[in-house]
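Results of the structural survey
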Amino acid sequence: MKLIKGFRDIFPDSEIDISNSELWNSINILIKQSLDKFNFSEIITPPIEYDSTFKSGIGDDTDIVSKEMYEFILKKDDEFSKNETFCLRPEGTASVVRSYLEHSLGKKKKINKLFYCGPMFRYERSQRGRYRQFHQIGAEILGSKNIYYEIELIGLAIDILRNLQIIDFKLEVNNIGDEDSLKKLGKKVFEFANDNKNKINPEDFKIVEKNPLRFLDKAIHKYEFSDIPSSKEFLNNESNERFDELKELLNKNSIEFKVNEQLIRGIDYYNDTVFEIKSSNLGSQDTILAGGRYDNLVEKFGGPKTDCIGFAAGIERLILLLNNNVKKASKIKIDFYVIYQSDNTKSYAYSVLDKLRKIGFRSEMDHDRKSFIKQLKSASKNNSLYTVVVGEEEKINNFVKIKELSSGDEFTIKFDNLFQEKIIDLVKK
RNA sequence: GUGGGUGUAGCUCAGGGGGAGAGCAUCGGUUUGUGGUUCCGAGGGUCGCGGGUUCAAAUCCCGUCAUCCACCCCA
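Residues numbered from 1 in each chain as written. Chains lettered and ligands numbered in written order. Predicted model: local features only at pLDDT ≥ 70, side-chain atom pairs only at ≥ 80, totals over all residues. Heavy atoms only, no water.

1. Observations regarding the overall build of chain A
- Counting its regular elements, chain A contains 17 helices and 16 strands.
- The dimensions of chain A, computed from C-alpha atoms along their principal axes, are 95 × 60 × 45 Å.
- Relative to all contacts within chain A whose residues are 6 or more apart in sequence, the contacts with residues 24 or more apart total 68%.
- Total accessible area on chain A is roughly 22800 Å²; 48% of this is exposed by carbon and sulfur atoms.
- Both charge centroids of chain A, one from 68 positive and one from 69 negative side chains, sit 4 Å from each other. (Helix = DSSP H or I, 4+ residues; strand = E, 2+ residues; numbered from the N terminus. Contact = heavy atoms within 4.5 Å. Areas by Shrake-Rupley, 256 points an atom, 1.4 Å probe, with all protein chains shown as cover. Lys, Arg positive; Asp, Glu negative; His and termini not counted. Charge placed at Lys NZ, Arg CZ, Asp CG, Glu CD.)

Structure (structure tokens):
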């Protein structure tokens, strides 16, 4: 029995942050607070899709699709023997667009603001911040090219990071132009590479021949060329205006950013605005969040021309960046720990426990006849805020003794009809 | 896919041819009605797995697997 390589279990009290379920729980809550404020609604799609969704969506010559995708076919070939190839999704956007079209979400509403959250799969050698099963939270706005959606989305990304108390990050933006200018750029890169063929190793040149833009994205930084072709040269007026407007609005909204003209993104569907948020505290896998416009993807999937923008963030990478404040806050605290004296008083104690739970408090007691002191020790070990002492005296007179562990203050409360109000009152203080 | 580091108790690690260890954690006692401290004690290990060398391997050699880090790629 063994866990699959590059995958991980997530469970309580794990010493490893990215395996700690309490941390996962609190990071999810914090991220959803931001998404709520920006009025995004959740879309949940299956982790398995037909491989064509990603082959045409992301591009089949990207590394993600050609090298890293988990593909499989059904073993049984009875009634389902259609030669269908499935895959574990390597990212979220293509699935969202598929679902958006399949359920005509664009017809029900002009603008759809959707978020997704879940596991993604890529077959890669794992290292810090990179795992074969990893989790992404992504936000997509489908249905408009208004520049304010750029601002809203980048604003959301930054709000999420702030809410997680991650402050050490850098936003990079670029505009790579529309399909036409990307084509021109590709042509220029090809010519450029051809002129410098003697300086480029054959393997990299193969990339140029296949997809020059990919070469610009992934290989060109290995060489010390002085005048690398830039997307800037080929932007049409609209893209240029859009980029200027974006920069102006970012400044107006006091969002710090850096223009990175080499920023292309390793996925085919992007156009115009692209952005990335990086952290310097992550080692070599330093991108924590990235996204951009994909105005042609819906059309490519057979739908009407629909302008879209979105981003995805890696949850594991975010967890690696959490500070001690957030980690501490995620630790579970019990409200009440009920302590009983003898088997005689146990059933009375249990009814108190049951009542506390019905009121809504996280409550616990020990059922294994530990000594009084052991129970008390358990209470403090379990981070209990209060203890409830229930013994013979309390049973006879129908009350309970409550002690606040941090201060040592004790209170006596009747276990009657007013118990609920009194105890809620007590906790409020 | 390429290169390097590391695999010994739940965790962090020491040991380096001949008795399986420490600290923390867990459990029990100190203490059968008041905790966090102290002190005492207990449980827990195929020394990653397989093979080789040796009278003898956790230790040396080879292989393999896992994990971490870097390249690459990306969130």
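2. Details of the packing of aromatic side chains
- For the coordinates displayed, the defined rule picks out eleven aromatic pairs.
- Between Tyr269 and Tyr270, the aromatic rings sit 4.9 Å apart at their centres with planes inclined by 65°, giving edge-to-face as the arrangement. Neither Tyr269 nor Tyr270 differs from the other in exposure class; each is buried.
- The structure contains a cluster of three or more aromatic residues connected by ring pairs, namely Phe7, Tyr70, Phe121 and Tyr123.
- A cation sits over an aromatic face here: Arg132 above Tyr123, 4.0 Å from the ring centre.
- For Lys247, the ring lying beneath its charged end belongs to Phe243, and the centroid distance is 4.2 Å. (Phe/Tyr/Trp six-rings, centres within 6.5 Å; stacked < 30°, edge-to-face > 60°. Buried < 20%, exposed > 50% of the residue type's maximum accessible area, 1.4 Å probe, protein only. Lys NZ or Arg CZ within 6 Å of the ring centre and 35° of its normal.)

3. Side note on the nonpolar core
- Ile31, Leu164, Ile277, Ile288, Phe311 and Leu318 are the most contacted members of the largest nonpolar core, which has 47 residues in total.
- The element that contributes the greatest number of residues to this core is helix H6 (residues 147-163), accounting for ten residues.
- Among residues more than four places away in sequence, those in contact with Ile288 are Leu161, Phe169, Ile277, Lys278, Ser279, Leu282, Ala312, Ala313, Gly314, Arg317, Leu318 and Leu321.
- With 45 residues, the next largest nonpolar core counts Val97, Tyr100, Phe234 and Val274 among its residues. (Core = buried A, V, L, I, M, F, W, Y, C linked by side-chain atoms within 4.5 Å.)

4. Considering the domain arrangement of chain A
- The domain boundaries assigned to chain A delineate domain 1 (17-178 + 236-326) and domain 2 (333-428).
- Taking only C-alpha atoms, the centre of domain 1 and the centre of domain 2 are 48 Å apart. (Domains from an automatic or database assignment.)

5. Notes on the environment of Ile200
- With respect to the helices and strands, Ile200 occurs in the loop between helix H7 (179-195) and helix H8 (202-210).
- With 20 residues separating them in the primary sequence, Ile200 and Ile220 have C-alpha atoms 9.0 Å apart.
- Those residues within four positions of Ile200 in sequence are excluded, and the remaining contacts are Ala193, Phe205, Phe215, Tyr223 and Phe225.

6. Quick look at the pattern of salt bridges
- Here the structure, examined in full by the defined rule, presents 26 salt bridges.
- A salt bridge links Glu172 to Lys278, with the shortest nitrogen-to-oxygen separation between them at 3.8 Å. With Glu172 in strand S7 (residues 170-175) and Lys278 in strand S9 (residues 271-278), this pair connects stretches of sequence that are 106 residues apart.
- Owing to a relative accessible area of 8%, Glu172 belongs among the buried residues under this scheme.
- Beyond isolated ion pairs, a larger network of salt bridges with shared partners links Lys145, Glu150, Glu238, Arg242, Asp272, Arg293 and Asp295. (Salt bridge = Lys/Arg side-chain N within 4 Å of Asp/Glu carboxyl O.)

7. What about the sheet that holds strand S2 (residues 48-50)?
- One open sheet holds the three strands; their spatial order is S2-S4-S3, and the pairing between them is antiparallel. Whereas interior strands pair on both sides, the edge strands pair on one side only; in this sheet they are S2 and strand S3 (71-72).
- Relative to strand S4 (residues 86-88), S3 runs antiparallel, the two being bridged by two bridges. The partner of Phe72 across the bridge, within S4, is Phe86.
- Across the sheet, helix H2 (residues 51-58) is in contact with S2, S3 and S4; its angle to S2 comes to roughly 70°. (Pairing = 2+ DSSP bridges. Axes fitted to C-alpha atoms, helices over the stretch in contact; angles between N-to-C directions.)

8. Notes on the sheet that holds strand S6 (residues 133-142)
- On the basis of which strands lie adjacent, the open sheet formed by eight strands has the order S1-S5-S6-S11-S10-S9-S7-S8 and mixed pairing. Either end of the sheet is taken by a strand with one partner, and the two such strands are strand S1 (41-42) and strand S8 (258-259).
- Pairing between S6 and strand S11 (residues 308-314): seven bridges, direction antiparallel. Residue pairing for S11: Gly138 is matched across the bridge by Ala312.
- Running over the sheet, H6 touches strand S5 (112-121), S6, S7, S9, strand S10 (287-293) and S11 and is turned about 15° from S11.
- Across the sheet, helix H10 (residues 237-252) lies against S7, S8, S9 and S10, angled at about 160° from S7, the strand it touches most.

9. Some thoughts on the confidence of the model for chain A
- This prediction gives chain A a mean pLDDT of 90; 97% of its residues lie at or above 70.
- When mean pLDDT is compared element by element in chain A, S1 scores highest at 98, while helix H9 (residues 212-218) scores lowest at 75. (pLDDT = per-residue confidence, 0-100.)

10. As for the pairing of strand S15 (residues 399-404)
- Sheet analysis places strand S14 (residues 384-390) next to S15, joined by four bridges and oriented antiparallel. In the sheet register, Tyr386 faces S15, and the bridge partner there is Glu404.
- The pairing of S15 with strand S16 (residues 410-414) spans five bridges and is classified as antiparallel. Within the sheet, the bridge partner assigned to Phe399 lies in S16 and is Lys414.

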